[in-house]
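# Structure at a glance
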Amino acid sequence: MERTELFARSIGEDTDIVEKEMYTFPDRKGDLITLRPEATASIVRAYIQHRMYAADPVQKFYTIGPMFRRERPQKGRYRQFYQINAEVFGVASALIDVQLIFVLMTLLNRLGVVDVQAHVNSLGCPDCRPQYRRALADYLLELDDSLCKDCRRRRERNPLRVLDCKVPSCRKAMTDAPSILDHLCAVCRRDFDLVRESLDSLGVGYVTDKRLVRGLDYYTRTTFEIQTGALGAQSAVAGGGRYDGLVKVLGGPDVPATGFAIGLDRLAEIVGQQKRLQPKSPDLFVAALGEEGQRLAFLWSNRWNEQGLWTEMDFGAKSLKSQMKRADKLDANFVMIIGDNEIKDGAAVLRNMKTKKQVRIELEKIVESVRETIQQH
Ligand code: HAM
């Protein structure tokens, strides 16, 4: 929860998020507060508030948590959704942007996600963006009828937002819009060349997407999105970019920054679609006979759990047959039966459910023995 003003100033007054999607309420004193629609603004606020730049302006953070946007819910789009955020403060070089994209692609790759593509663009800087805005505003002036109501209103105040509009007629009208990449100043152009060359040298496949402006106003230079065809209408699994001016705008020093957010719900959906996760099975099932057996099984199974062996038992004093059925159902790797004899001599029969081999073993040595066998497989 933050003061509404924080999001209005950072994400931008004319964005969909601030205009339509925020959950905003007056508190008891009438101050406007908002459930965070994203994490970056809050992280910047904390970085400034706690003077984290004082000891060393270079700081890296990650956060995982829920965000709130009042969008129309559908597959992959929720009003409460989860993001993994990564933010880097104090590094001006575009190489760190490339590293962030590389980290994202490596993560997706390790998760076995194949149907994804990195889209990259540059949004220029305060030196070159105004000139591009004018060129875009001039183009938009001639498009009156084809633009939606929001875009007609925005085209003067924030024409870049029209590039981001999802309304089909607006998308069509923007096909021949001027490209930001033709309006970059020499410094931004060199910077974007470095991004592309470095992605090439790391072997990261990407498309240069001149339409990618992202839905938030704070971006400068590198912006990127990881898109997928696996989620229907919702194509972005992750997005991010550089936001060099934001720390200063929100009252901090002039520190450059860059970062990304992964949509965790979307990531989980794609991973689930592409990979059937194997449910795990317990290492050991302890079957108990009699009251004393139950007591001992309870003590030992908790001890073994504490030592890192996943041990299950039945708490209901059922027959041996039904306990064995339960062990089978759980697909336990080992089963041990604890009854009167075991209470006397501190040893029991351990049955390997895969090989069906049985050994008599001291209770003290169970963890070591089970672990050894499981590691061998
Ligand atoms: P964003 O593109 O608005 O960027 O959101 C990042 C990701 O969150 C999206 O790519 C998507 O996967 C997920 N997401 C967004 N809205 C929803 C929703 N309604 N339901 C499910 N998932 C959703 C940001 O939020 C920036 N703060 C990213 C950033 C960090 N830029 C720099 N640092």
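For the structure, see preceding data.
Here is a short report on the structure shown in this document. (Residues numbered from 1 in each chain as written. Predicted model: local features only at pLDDT ≥ 70, side-chain atom pairs only at ≥ 80, totals over all residues. Heavy atoms only, no water.)

### Quick notes on the overall build of the chain
Counting secondary structure elements, the chain contains 15 helices and 15 strands. Relative to its length of 377 residues, the chain is extended, with a C-alpha radius of gyration of 29 Å against a globular reference of 21 Å. Projected onto its principal axes, the C-alpha coordinates of the chain cover approximately 90 × 55 × 50 Å. A total of 377 residues make up the chain; the buried ones form 48% of that total. Taking as baseline every contact in the chain between residues at least 6 positions apart, the subset at least 24 positions apart corresponds to 67%. As displayed, the chain has an accessible area near 19,900 Å², and 51% of this comes from carbon and sulfur atoms. (Helix = DSSP H or I, 4+ residues; strand = E, 2+ residues; numbered from the N terminus. Rg over C-alpha atoms; globule rule 2.2 N^0.38 Å. Buried < 20%, exposed > 50% of the residue type's maximum accessible area, 1.4 Å probe, protein only. Contact = heavy atoms within 4.5 Å. Areas by Shrake-Rupley, 256 points an atom, 1.4 Å probe, with all protein chains shown as cover.)

### What to know about the pattern of salt bridges
Tallied over the full model, the rule gives 20 salt bridges. Among the salt bridges present, the one from E2 reaches R45, with a minimum N-O distance of 2.7 Å. Of this pair, E2 sits in strand β1 (residues 2-3) while R45 sits in helix α3 (residues 40-49), and the two are 43 residues apart along the sequence. With a shortest N-O distance of 3.6 Å, D16 and K20 are connected by a salt bridge. Of this pair, D16 and K20 both sit in helix α2 (residues 16-21), separated by four residues, roughly a single helical turn. (Salt bridge = Lys/Arg side-chain N within 4 Å of Asp/Glu carboxyl O.)

### Some thoughts on the sheet that holds strand β14 (residues 347-352)
The strand order β12-β11-β13-β14-β15 describes an open sheet built from five strands, whose pairing is mixed. Each edge of the open sheet carries a strand with a single partner, namely β12 (311-313) and β15 (358-362). Shown here is a sheet whose adjacent strand axes are inclined to one another by a mean of 30°, direction ignored. Two elements, strand β11 (residues 284-288) and strand β13 (residues 334-338), share five bridges in a ladder whose sense is parallel. The partner of L284 across the bridge, within β13, is F334. Relative to the sheet, helix α12 (residues 290-306) contacts β11, β12 and β13, its axis offset from that of β11 by approximately 160°. (Pairing = 2+ DSSP bridges. Axes fitted to C-alpha atoms, helices over the stretch in contact; angles between N-to-C directions.)

### Re the nonpolar core
Judged by nonpolar contacts, the single largest core of 80 residues is most densely connected at F89 and M174. Apart from the residues lying within four places of it in its own chain, the contact partners of F89 are I43, V44, Y47, P57, V58, Q59, F61, Y243, V247, V255, P256 and A257. Counting 19 residues, the second-largest nonpolar core is a separate cluster that includes L296, M336, I338 and I361. (Core = buried A, V, L, I, M, F, W, Y, C linked by side-chain atoms within 4.5 Å.)

### Examining the pairing of strand β3 (residues 32-35)
Examined bridge by bridge, β1 and β3 share two bridges and lie antiparallel to one another. When the bridges of β3 are listed, E2 appears paired with T34. Across four bridges, strand β2 (residues 23-26) lies against β3 in antiparallel orientation. When the bridges of β3 are listed, T24 appears paired with T34. What sits between the antiparallel neighbours β2 and β3 is a turn of five residues, in which G30 has the positive phi angle 90°.

### Re the environment of Q234
With respect to the helices, strands and loops of the structure, Q234 is situated in the loop between β8 (220-228) and β9 (236-242). What makes Q234 buried here is its relative accessible area of 9%. When the C-alpha atoms of Q234 and Q74 are compared, they prove to be 8.9 Å apart, with 160 residues separating the residues in sequence. Contacts of Q234, omitting those with residues within four sequence positions, involve Q74, K75, G76, R77, T228 and R266. Side chain to side chain, Q234 and Q74 meet in a polar contact 2.7 Å long. (Polar contact = N/O pair within 3.5 Å; in protein donor to acceptor, adjacent residues only side chain to side chain.)

### Concerning the layout of surface pockets
There is about 540 Å³ of room inside the second largest pocket. Surrounding the second largest pocket, 28 residues form its lining, R129, D217, Y218, Y219 and T220 being those nearest its centre. Listed by contribution, the elements that provide at least two residues to the lining of the second largest pocket are α1 (4-11), α5 (129-141), α7 (160-164), β8 and α10 (246-249). Class assignment of the residues belonging to the lining of the second largest pocket gives a composition of twelve nonpolar, five polar and eleven charged. (1 Å grid on protein atoms, 1.4 Å probe; cavity = no way out; pocket = protein on both sides within 12 Å on 5 of 7 lines; lining within 4 Å. Points joined across faces, edges and corners; volume = space filled by probe spheres on them. Nonpolar A, V, L, I, M, F, W, Y, C, P; charged D, E, K, R; others polar.)

### Looking at a nonpolar patch on the surface
Taken together, the side chains of F298, L299 and F315 define a hydrophobic patch exposed on the protein surface, amounting to about 330 Å² of accessible area. Positionally, L299 belongs in helix α12. Note on L299: relative accessible area 39%, which makes it partly exposed. (Patch = residues over 30% accessible without salt bridge, like charges linked within 9 Å, V, L, I, M, F, W, Y side chains within 5 Å.)

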